[in-house]
Amino acid sequence: MHELVLNDRIVRTDLPSGTTLLDFVRYEQHLKGTKIGCREGDCGACTVLLGTLCKDGAVRYQSVTSCISPLGNAFGKHVVTIDGLALDKTLSVVQGALVAEGGTQCGFCTPGFAVSLTGYCLSCPRPDEDSAIASIDGNICRCTGYKSIERSARRVVDAL
Ligand code: FES
Ligand code: FES
């Protein structure tokens, strides 16, 4: 039995470590906010954050495409899905920026963008517009709402 922290809960699983993190989150934990697009690591719809406890006691987060991430890589770590960004029902800064700038159309890609931008906020020591926009270049929006999403990224940087 392996253990990890999923959003605000400790969860245990005996699923094989080669199960994708995406399938674990969606089908084992029933968190359907994380979307399935290409299943090949190319579209970013399935992005989650993986937090690792470092020797200095800090938890460092990185964005990962959960469709190509084995569950075993998450054992002993903190997995944050889109569902974990607003646990108190208040929009996070990133979510608020996407709403304010109209950064979502059909909404399918939005969880991935929100999680990627959140990962950027957590990991970038000196945020700026260019690097914020670069942090979401692995996310694809089929509705092509990129300009509004870029404005959202700028708004996030301004709020940091
Ligand atoms: S589903 Fe497209 S990157 Fe994972
Ligand atoms: S808002 Fe529809 S895919 Fe991005």
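The structure presented is a predicted model; accordingly, all values stated were derived computationally and were not measured.

Procedures and definitions
Residues numbered from 1 in each chain as written. Chains lettered and ligands numbered in written order. Predicted model: local features only at pLDDT ≥ 70, side-chain atom pairs only at ≥ 80, totals over all residues. Buried ≥ 20, exposed ≤ 12 C-beta atoms within 10 Å, placed from the backbone. Helix = DSSP H or I, 4+ residues; strand = E, 2+ residues; numbered from the N terminus. Pairing = 2+ DSSP bridges. Domains from an automatic or database assignment. Contact = placed C-beta atoms within 7 Å. Core = buried A, V, L, I, M, F, W, Y, C linked by C-beta atoms within 7 Å. Axes fitted to C-alpha atoms, helices over the stretch in contact; angles between N-to-C directions. Parallel < 35°, antiparallel > 145°, perpendicular 65-115°, else oblique. Left-handed = near helix turned anticlockwise from the far one by under 90°. Nonpolar A, V, L, I, M, F, W, Y, C, P; charged D, E, K, R; others polar.

(A) Here's a closer look at the pairing of strand β2 (residues 9-13). Within β2, only zero of the five residues are buried, leaving the element largely exposed. Pairing between strand β1 (residues 2-6) and β2: five bridges, direction antiparallel. Of the residues in β2, the one forming a bridge with leucine 4 is valine 11. Following β1, the chain reverses through two residues before pairing antiparallel with β2; asparagine 7 in that reversal takes a positive phi of roughly 55°.

(B) Just the domain arrangement of the protein, in detail. Each domain of the protein was delimited in the assignment, giving domain 1 (2-83) and domain 2 (93-159). Averaged C-alpha coordinates put domain 1 and domain 2 at centres separated by 20 Å. Contact residues are listed per partner, giving 15 residues for domain 1 and 14 residues for domain 2. Here the side of domain 1 that touches domain 2 gets four residues from one element, more than from any other, and that element is strand β4 (residues 59-65).

(C) How the structure looks around the nonpolar core. Counting residues in hydrophobic clusters, the biggest one holds 37 residues, and the most contacted among them are Leu21, Val48, Val79, Ala114 and Leu117. Put simply, the parts of the chain that give this core at least two residues each are β1, α1 (21-28), β3 (47-53), β4, β5 (78-80), α2 (93-100), α3 (110-123) and α5 (146-159). With five residues, the single largest contributor to this core is α3. Residue contributions to this core reach at least three from each of two domains, namely domain 1 (2-83) and domain 2 (93-159). Those residues in contact with leucine 117 that lie beyond four places of it in its chain are Val94, Ala132, Ser135, Ile136, Ala153 and Val156.

(D) Geometry of the pairing of β1. As defined by bridge partners, β1 adjoins β5 across two bridges and the pair is classed as parallel. Its bridge partner lying in β5, leucine 6 is registered against valine 79.

(E) Spatial organisation of unusual backbone geometry. For arginine 39, which is not a glycine, the phi torsion comes out positive at approximately 60°. If you trace the backbone, arginine 39 turns up in the loop between α1 and β3. Its 15 C-beta neighbours within 10 Å are what place arginine 39 among the partly exposed residues. Phi angles above zero are rare outside glycine, and lysine 89 is one such case at about 70°. Tracing the chain through its elements places lysine 89 in the loop between β5 and α2.

(F) Examining the packing of α2 against α3 more closely. One way to put it is that α2 packs onto α3 with a least axis distance of 9 Å and a crossing angle of 130°. By the criterion of interaxial angle, the relationship of α2 to α3 is oblique. Crossing hand, α2 versus α3: right-handed. Contact residues: Val94, Gln95 and Leu98 in α2; Thr110, Phe113, Ala114, Leu117, Thr118 and Cys121 in α3. For the contact of α2 with α3, the residue count by class is six nonpolar, three polar and no charged.

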